[in-house]
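# Structural features, examined
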Amino acid sequence: MSISPFPRIQTFGAPYQRGQQYGSQAASYVQLSLEAYQQIFVHYTGWAWEQVCQHAMLYLPAIGNFRAHLVDEMQGIADGAGVSLADIIAINVRTEILNAAFAKKATAECTSFYTTTEIDTDRHIIIGENWDWKPATARAVVLLESSPDQGPNFMTIVEAGLLAKMGMNSAGIGLATNALSTNLDVGLPGVPYHIILRSILESSSFDEAASMVQTAGRASSANYMIANRDGKVLDLETGPGVGAENLFLQPVGPGYVHTNHFMCAQPPFTDVGLQQGPDSPIREERMKRLLLQGDSGRVLETIMAALGDHQNHPFGICAHPEESSPEAEQYATIASLIMDLTTRQAWLAGGNPCQAQYQHLDYGEFLAG
């Protein structure tokens with residue numbers, strides 16, 4: 001398999017075993033994650049790490065009730081990396097900790113997309129995103145490839161020690177995501193964002209993946225773009241809570257883009273993300289336009305060029321740090337991922353895609369199902 005721009009972590013077996021493999025292989029990167037989040041949390045919350053861990057452990061019952069095996073896996077990560085379970089839970093609930101501090105500025109991240117195209121007479125399903133986040137976390141990013149003893153194989157790009165972010169699995173499911181913020185996001189315990197992301201990638205069917213979002217007692221708002229290689233696609237805009245009253249299904253056509261604001265009509269709460277991130281609708285419209293204007297015969301090149309676009313710099317699709325902002329408040333494109341669910345191929349750039357070369361990752365065998 002080709003070379004990844006990020007350290008490659010490969011795990012297999014039962015949850016605790018996989019966690020221990022993950023933690024031991026990525027121990028130095030887990031330490032970098034902890035160092036980065038200590039700085040980010042103290043900037044936004046003023047909390048010492050002990051207080052961060054105390055708050056994080058409030059989410060443990062909800063995680064255990066939703067997916068008990070993920071607690072086992074996080075314990076394995078902690079043991080493998082030589083840190084505490086509270087340390088690992090703390091970075092896996094980073095979204096909720098920032099919400100608890102009313103740190104709404106911390107949530108802007110990602111331009112996600114879905115498209116279909118004809119290549120050599122075959123219909124291809126393509127999904128992906130630019131992941132925009134804190135530059136301090138860039139040193140800690142890893143490519144996690146896992147073969148569970150139960151459920152599909154999956155790959156995901158994430159900060160070391162976290163369970164998942166965007167990715168795809170051997171059941172043909174692809175996942176892209178966006179952080180969202182509402183006035184209801186105050187850090188109340190529930191099922192954390194990154195736990196739901198992992199549960200989607202562990203799903204064996206499209207319906208099961210969607211149900212992970214619908215049935216969880218969500219701790220925070222988020223957007224989940226889920227597709228499969230058969231061409232099914234669903235975009236779920238969610239607020240905190242559970243059930244249809246906090247869940248919005250956005251119809252998706254042959255091409256679709258989502259950023260960091262709600263696109264459904266009149267949600268029953270305040271869209272704080274739109275207030276704090278006026279660049280979000282600009283990125284959405286720009287990405288749509290670039291995808292539609294592209295050469296249908298050069299789809300991959302069109303997507304890569306769009307993901308490297310700098311309109312509204314430094315807050316463009318390819319995001320760069322705003323030098324005038326404090327370091328902890330800056331954000332940039334940490335990784336750019338394109339996934340062809342039809343052929344099980346991926347293209348991954350480490351950092352800004354305007355500068356970093358995309359590396360081709362062939363998952364044809366690993367995700368064969």
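Higher on the page you've got the structure.
Presented here is a report on the structure given in the accompanying data block. All figures in this text were calculated on a predicted structure; none of them were measured in a lab. (Residues numbered from 1 in each chain as written. Predicted model: local features only at pLDDT ≥ 70, side-chain atom pairs only at ≥ 80, totals over all residues. Heavy atoms only, no water.)

## Focus: helix α12 (residues 299-307)
In plain terms, the rule: Note on exposure labels: buried denotes an accessible area under 20% of the residue type's maximum, exposed denotes more than 50%, and partly exposed covers the range between, all computed with a 1.4 Å probe on protein chains only. Counting from the N terminus, the helices are DSSP H or I runs at least four residues long and the strands are E runs at least two residues long. Within this analysis, the arc is defined by the directions that extend from the helix axis to the C-beta atoms.
Taken as a whole, α12 has its buried residues at Val-299, Thr-302, Ile-303, Ala-306 and Leu-307. Buried residues of α12, seen end-on, are gathered within an arc of 125° and therefore sit on one face of the element.

## Digging into unusual backbone geometry
Look at the link from His-313 to Pro-314: it is a cis peptide, with omega at 5°. In the Ramachandran plot, Asn-312 falls in the positive-phi region, its phi being about 70° despite a non-glycine side chain. With respect to the helices and strands, the residue Asn-312 is situated in the loop between α12 and β12 (332-340). Classification of Asn-312 as partly exposed rests on a relative accessible area of 33%. Even without being glycine, Arg-344 reaches a positive phi, approximately 60°. Note on placement: Arg-344 falls in the loop between β12 and β13 (345-350).

## Some points on the environment of Ile-195
Note the cut-off: What makes two residues a contact is simply this: any of their non-hydrogen atoms within 4.5 Å.
Within the element layout of this structure, Ile-195 appears in helix α8 (residues 193-201). The spacing of Ile-195 and Lys-165 is 30 residues in sequence and 9.3 Å in space, taken between C-alpha atoms. Setting aside anything within four residues of it in sequence, one finds Ile-195 in contact with Ile-63, Phe-66, Leu-70, Met-74 and Leu-163.

## Side note on the environment of Ser-181
With respect to the helices and strands, Ser-181 occurs in the loop between β7 (173-179) and α8. Spatially, the C-alpha atoms of Ser-181 and Gln-276 are 9.1 Å apart, while their sequence positions differ by 95 residues.

## Quick look at the pattern of salt bridges
Rules: Every case where a carboxyl oxygen of Asp or Glu lies within 4 Å of a side-chain nitrogen of Lys or Arg is listed as a salt bridge.
Enumeration according to the criterion identifies ten salt bridges in this entry. Ionic pairing is found between Glu-145 and Arg-8, a salt bridge with its closest N-O pair at 2.7 Å. Taken together, the residues span a long stretch of sequence, with Glu-145 in strand β4 (residues 141-148) and Arg-8 in strand β1 (residues 8-13) at a distance of 137 residues. Taking the relative accessible area as the measure of exposure, Arg-8 reaches 22% and is therefore partly exposed. The residue Arg-18 makes a salt bridge to Glu-73 at a minimum N-O spacing of 3.2 Å. Remark: Glu-73 occurs in helix α5 (residues 68-81) and Arg-18 occurs in helix α1 (residues 15-25); sequence separation between them is 55 residues.

## Some thoughts on the sheet that holds strand β8 (residues 222-228)
What counts is decided by this rule: For two strands to count as paired, DSSP must find a minimum of two bridges between them. Axis lines are fitted through C-alpha atoms, for helices just across the contact stretch, and the angle between N-to-C directions can take any value from 0 to 180 degrees.
Spatial strand order, β1-β4-β5-β6-β7-β8-β9-β10: eight strands in an open sheet with mixed pairing. At either end of the open sheet lies a strand with only one pairing partner, and these are β1 and β10 (247-250). Pairwise comparison of adjacent strand axes, ignoring direction, gives a mean angle of 25° for this sheet. Relative to β1, α1 is tilted by about 160°, and along the sheet it contacts β1, β4 and β5 (154-159). Helix α9 (residues 206-215) rests against β7, β8, β9 (233-238) and β10 of the sheet, and its axis sits at about 175° to β8.

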